[in-house]
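The chain contents come next:
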Amino acid sequence: MFPRKKNVLLLVSLLKAYGVRQVILSPGSRNAPLIHSFMLDDFFHCQMVVDERNAAFMALGMMQATQEPVAICCTSGTALLNYAPAVAEAYYQQLPLIVLSADRSPEWINQMDGQTIPQPGVFGAMAIQHINLPEVVDASSDWYCQRLCHEALLAATSKVKGPVHINIPLSEPLFDYSVQELPVLNKITHSFPVKHVPIDKYAQVWRNSAKRLLVIGQLLPSSDTFLEKLKLFAEKRNCVILAEHLSNIQ
């Protein structure tokens, strides 16, 4: 049975619709409804990593290897702050990291209640999208919750990918598991216009250069076909190639 928290059900259903299969869970009490929902559905491949910092960096490695989004899920409070270094890495590497943080109800923030911090927007400019889900009480908040989830997941999986933060306030009771199944929701598909980048002037500078140097910075793992093309390019164009250790190119 699934939890009665409608914002959790809508979020988990849309993660499934967008094909986010890999989820790394760092268990706590406030994110128990999220963990329970992920574990009940065979679509999700869940892994438990207690330490949030380790969980987030594990997600980075998985995204680099698979080039697919990975969700990480933590409880409320300072647990969320442990994700920050990996969120920054995901931002600069343009990796689709989806941060899911359970939170207290807003009325308990800044009331000296244990493990409560202002969680919405905590990563600042290092996340390309921040959303704070409402607790669903009627049709309007249901629609609003779905809209926010779509916006975050579209941002994470667009052409210019990056980390997104979805904060989920959850009030008591947390452990009412009486819903038979997840709702079935559909994703929204982006339509990207094709842009033609004029490269003629850059090609002309390259052709007219007596000495050519190609510096390769940090990249995801490359295919053998790409490496062969790179080698052929160097031979035909009389070009020196320097590759950093993080380039995944030998």
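Described below are features of the structure shown in this document. The structure displayed is predicted, hence computed values, not measured ones.

## Side note on the side chain of N31
One can find N31 in the loop between β2 (22–25) and α2 (32–40). A polar atom in the side chain of N31 sits 2.9 Å from the backbone nitrogen of G28. Residue contacts for N31: discarding those within four places in its chain leaves S26, C73, C74, T75 and A102.

## What to know about the pairing of strand β7 (residues 164–169)
The element β7 is largely enclosed, with a buried count of six among its six residues. Burial along β7 is two-sided: the face carrying V164, I166 and I168 and the face carrying H165, N167 and P169 are both buried. In terms of strand pairing, strand β5 (residues 97–103) meets β7 through six bridges, oriented parallel. The residue bridging V99 from the neighbouring strand is H165, located in β7. At this point the chain moves from strand β6 (residues 129–132), through helix α5 (residues 139–156), to the parallel β7, and the crossover so formed is right-handed.

The rules behind each value
Residues numbered from 1 in each chain as written. Predicted model: local features only at pLDDT ≥ 70, side-chain atom pairs only at ≥ 80, totals over all residues. Heavy atoms only, no water. Helix = DSSP H or I, 4+ residues; strand = E, 2+ residues; numbered from the N terminus. Polar contact = N/O pair within 3.5 Å; in protein donor to acceptor, adjacent residues only side chain to side chain. Contact = heavy atoms within 4.5 Å. Buried < 20%, exposed > 50% of the residue type's maximum accessible area, 1.4 Å probe, protein only. Pairing = 2+ DSSP bridges. Right-handed = clockwise from strand over helix to strand, strands pointing away.

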